[in-house]
Amino acid sequence: MYTKSIIAAAAILPGLLVSATQPPSYPGFTMIWNDTFAGAANTPPSDKNWKTITGYLNQNSESEVYSSSTKNLFLTGSNSLQIVPLKDSAGGWTSGRIESVGSWLPTAGQKTRIEGRIRQGDGSTATKQGIWPAFWLLGTAYRAGTKWPECGELDILELRNGVPTAFGTAHCGTYPGGPCNEPNGKGSTINFGETSLAFHTWTITWDLTNKDWSSQSIQWTIDHTVFFTLTGAQLDQTTWRTLTANTFNIILNVAVGGDFPGAANSATQGGTGSLMEVQYVAVYMTK
Ligand SMILES: *[C@@H]1O[C@H](CO)[C@@H](O)[C@H](O)[C@H]1NC(C)=O
């Protein structure tokens, strides 16, 4: 009886029991920015931190229209952000995309880290053809008119079609072909062995401590395990600088359809099963 009433209280008061998943601290690093997505359920993310993108962007043959609706993009009230693609009765798609107001410059001579803790929804792969969640960085120069991919793009995490294979990719140089072999980019993948539910920590770290640009690196990790390393030596110095001496904006979105995942099909479902959920995003630098 006693036990039972405790459980009932817990069920009624989840807000009191949920504590935010805080970004970890790392020896030698200082956290310089973070968002833990605190706030009331069904409210938009902080507009001090994020610009909500709306409309049809006409990129990569994607289908979705980005919306600021809190049905597509909202705080959960349990210290996380959910981005939920939705299919309307005519078969059209809406979804959410936010881009950081701030931008960050990897520091010369130092290490700079951008990290997020993210999961994808638990829909089966049969219902997720075309679903394309992403946590990525776009060179701020893009906003000022520098063409893609010359502006630089670093995809910390991309998922497609509900498959538990993460893609970490750099885009650079010229399209098509060029030093990053566009449109593929230079990257790697990791199979993380489950389709859903579990949050994982996804990180990119620039290591610019080596004075020799060709020995500098950018590393991609899942749960602190490296799955891709790009070094200056794999590119030329001018291109390397576009990925290491430019400021970047952080982007969180769920696209639907497009060149990377292929089009959604009649079995593709919107809603919670196809969401991306984010517990925090943080930026760190060594001193
Ligand atoms: C991290 O986020 C919390 C909550 O918004 C804020 O109070 C704190 O100042 C942030 N820390 C840094 C280093 O940005």
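Residues numbered from 1 in each chain as written. Predicted model: local features only at pLDDT ≥ 70, side-chain atom pairs only at ≥ 80, totals over all residues. Heavy atoms only, no water.

Let's hear about the side chain of His171: which residues, and what values?
Position of His171 relative to the elements: it lies in strand β12 (residues 165–171). Judged by relative accessible area, His171 falls into the buried class, the value being 7%. Reaching out from His171, the side chain makes a polar contact with the side chain of Asp155 at a distance of 3.2 Å. Leave out the neighbours within four places in its chain, and His171 touches Trp148, Pro149, Gly152, Glu153, Asp155, Cys180, Glu182, Pro183, Asn184, Gly185 and Leu243. (Helix = DSSP H or I, 4+ residues; strand = E, 2+ residues; numbered from the N terminus. Buried < 20%, exposed > 50% of the residue type's maximum accessible area, 1.4 Å probe, protein only. Polar contact = N/O pair within 3.5 Å; in protein donor to acceptor, adjacent residues only side chain to side chain. Contact = heavy atoms within 4.5 Å.)

Describe empty space enclosed by the protein, listing the residues and the values that go with them.
In the structure shown here, the tally under the stated rule is 1 cavity of 30 Å³ or more. Estimated volume of the largest cavity: approximately 60 Å³. In this structure, the largest cavity is lined by 12 residues; those nearest its centre are Ile118, Arg119, Gln120, Phe192 and His200. At the level of secondary structure, the elements contributing two or more residues to the lining of the largest cavity comprise β9 (111–120) and β14 (200–207). Here the lining of the largest cavity is composed, by residue class, of 7 nonpolar, 3 polar and 2 charged. (1 Å grid on protein atoms, 1.4 Å probe; cavity = no way out; pocket = protein on both sides within 12 Å on 5 of 7 lines; lining within 4 Å. Points joined across faces, edges and corners; volume = space filled by probe spheres on them. Nonpolar A, V, L, I, M, F, W, Y, C, P; charged D, E, K, R; others polar.)

Kindly report on the state of the cysteines, identifying the contributing residues and their values.
Applying the stated rule across the entire model yields 1 disulfide. Bridging Cys172 to Cys180, the disulfide has an S-S length of 2.1 Å. Handedness of the Cys172-Cys180 disulfide follows from its S-S torsion of about 105°: it is right-handed. Pair check on accessibility: Cys172 and Cys180 agree, each one buried. (Disulfide = S-S within 2.5 Å.)

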